[in-house]
Amino acid sequence: MTAPAKVAPRQLLFFLACLAPLSKLILLPAQLAAEAKNDLWLSALCSLAVETAAVFAAVLLSKRSLSFFALLERAFGRLAAVCGCIVLSLFFLFAAYVPLFEQKLMVQSVFYDTLPSDLLFAPFFLISVYFCLKPLGCFGRIFDLLGPLTAIAFFFLILFSAGEADLSALAPVGITGARGVFSGVLRTTAWFFDGALLLPLLGKIEYKKGLAWKSAAAYGAGGAAVLLFLALFYGIFQDIAPVQFFAFSKTAKYFPAIHLLGRIDYIFIYAMALAMVFASLFPMLSAAELLKQAFGESKPRCLLYSLLLNGAIAAVSTVLSFSFPAAERFITRTLFWIFPLFGAALPALLLLLRERLPRRRSR
């Protein structure tokens, strides 16, 4: 038998620095601007700080070389481990709704706004079904490919945007007060659960000395790039920022040379969109991985998991096709507490687990 695929430290760092931040560049900037106005970067900074700590805790757990299922099984028993995998899998299915639907809206609006969105987005679920069949550890090579591609594309989009941003719009800092900043944090938790995404990778990461700190630093670097983008985004759009959706596709179009060269920014927007497809799929891949750990990885079962998960999210996205704003408000204003519970608190609590000692037999 061949050894199960592992994610190398380099690949993990690419994921944390380049791919994990991508979900924060579509609808999140407008949402933050609506809640915190020019202090949107402060709200994002608070959320990113908490997530960086969660990433550190999750990667530190991989030092034990145990899967999420094995971790729970050794502490509480097999039944608790199965239940834990099911609950976390359901969380990922729930958390996948916003990134998948915003991906659908972005594709419809930015690239193909004259075609029916449901027909256009159908191949996305076919890709998802296929990827969910694969072991999560084998995606390290995708991190190797998409990480540098994303970094290059993001650099040029920032370069094109920087000249048109008025950063004085961010002053005075703190004008919305603690209430505005805290509101921005609470209303955007649906975009901050990266700590939980690392839990299905436990047991599949080649842990080396210092990897937890390096992972936190890599995630912090990706977070700094997000903060820079948020600053430029608000500097360009200012008072109308709350209605500027699909932010990453709009900031670079004001680059002066575009009038001479054409929309060269689309080259980098397409590159970012390609990476965003995989980033949006990752919660689904994580949900499928947890079901494999709980119930086995035979091919028929993997196909069943994939069809059930993708069928459920496809049905929800179709039923709520015209109700996404209401669904998003319900998630971000009523169920916002679920995301920090799984994304930040769970990795920290798992660090406290200790292996259950076997009972001594009475003589």
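Structure first, text after, so check above.
Calculation notes
Residues numbered from 1 in each chain as written. Predicted model: local features only at pLDDT ≥ 70, side-chain atom pairs only at ≥ 80, totals over all residues. Heavy atoms only, no water. Helix = DSSP H or I, 4+ residues; strand = E, 2+ residues; numbered from the N terminus. Rg over C-alpha atoms; globule rule 2.2 N^0.38 Å. Buried < 20%, exposed > 50% of the residue type's maximum accessible area, 1.4 Å probe, protein only. Contact = heavy atoms within 4.5 Å. Areas by Shrake-Rupley, 256 points an atom, 1.4 Å probe, with all protein chains shown as cover. Axes fitted to C-alpha atoms, helices over the stretch in contact; angles between N-to-C directions. Parallel < 35°, antiparallel > 145°, perpendicular 65-115°, else oblique. Left-handed = near helix turned anticlockwise from the far one by under 90°. Nonpolar A, V, L, I, M, F, W, Y, C, P; charged D, E, K, R; others polar. Disulfide = S-S within 2.5 Å. Salt bridge = Lys/Arg side-chain N within 4 Å of Asp/Glu carboxyl O.

Chemist: How should the overall build of the protein chain be read in this particular structure?
Modeler: Each helix and strand counted, the protein chain has 16 helices and zero strands in total. For 363 residues, the compact-globule estimate of 2.2 N^0.38 gives 21 Å, and the C-alpha radius of gyration of the protein chain, at 21 Å, lies within 12% of that figure. Evaluated residue by residue, the protein chain yields a buried proportion of 54% over its 363 residues. By sequence separation, contacts in the protein chain at least 24 residues apart represent 87% of the contacts at least 6 residues apart. Per element, the accessible surface of the protein chain, about 16,900 Å² overall, is 68% carbon and sulfur.

Chemist: Looking at this structure, how should I read the packing of helix α13 (residues 265-295) against helix α14 (residues 299-319)?
Modeler: Direction vectors running N to C along α13 and α14 enclose 140°, while the axes themselves pass 10 Å from each other. Taken together, α13 and α14 sit at an angle that is classed as oblique. α14 is crossed by α13, and the crossing has right-handed handedness. Facing M284, A287, A288, L291, K292 and F295 of α13, the residues of α14 in contact are R301, C302, Y305, L309, N310 and I313. Among the residues forming the contact of α13 with α14, the class breakdown is nine nonpolar, one polar and two charged.

Chemist: Would you mind showing me how to read the state of the cysteines here?
Modeler: A covalent bond bridging the sulfur atoms of two cysteines is what the word disulfide describes. All chains considered together, the criterion is met by zero disulfides. Free cysteine: C83, not disulfide-bonded; nearest cysteine sulfur from C85 at 9.6 Å. Take C83: its relative accessible area is 41%, and that puts it in the partly exposed class. For C85, a relative accessible area of 0% puts it in the buried group.

Chemist: I tried to follow the pattern of salt bridges on my own but got confused; where do I start?
Modeler: Pairing is possible between side chains of opposite charge, provided their charged atoms come close. Taken as a whole and judged by the stated rule, the model has five salt bridges. Between R78 and E73 there is a salt bridge whose closest N-O contact spans 3.9 Å. For E73, a relative accessible area of 30% gives the class partly exposed.

None of the figures reported here should be taken as evidence of function without further support.
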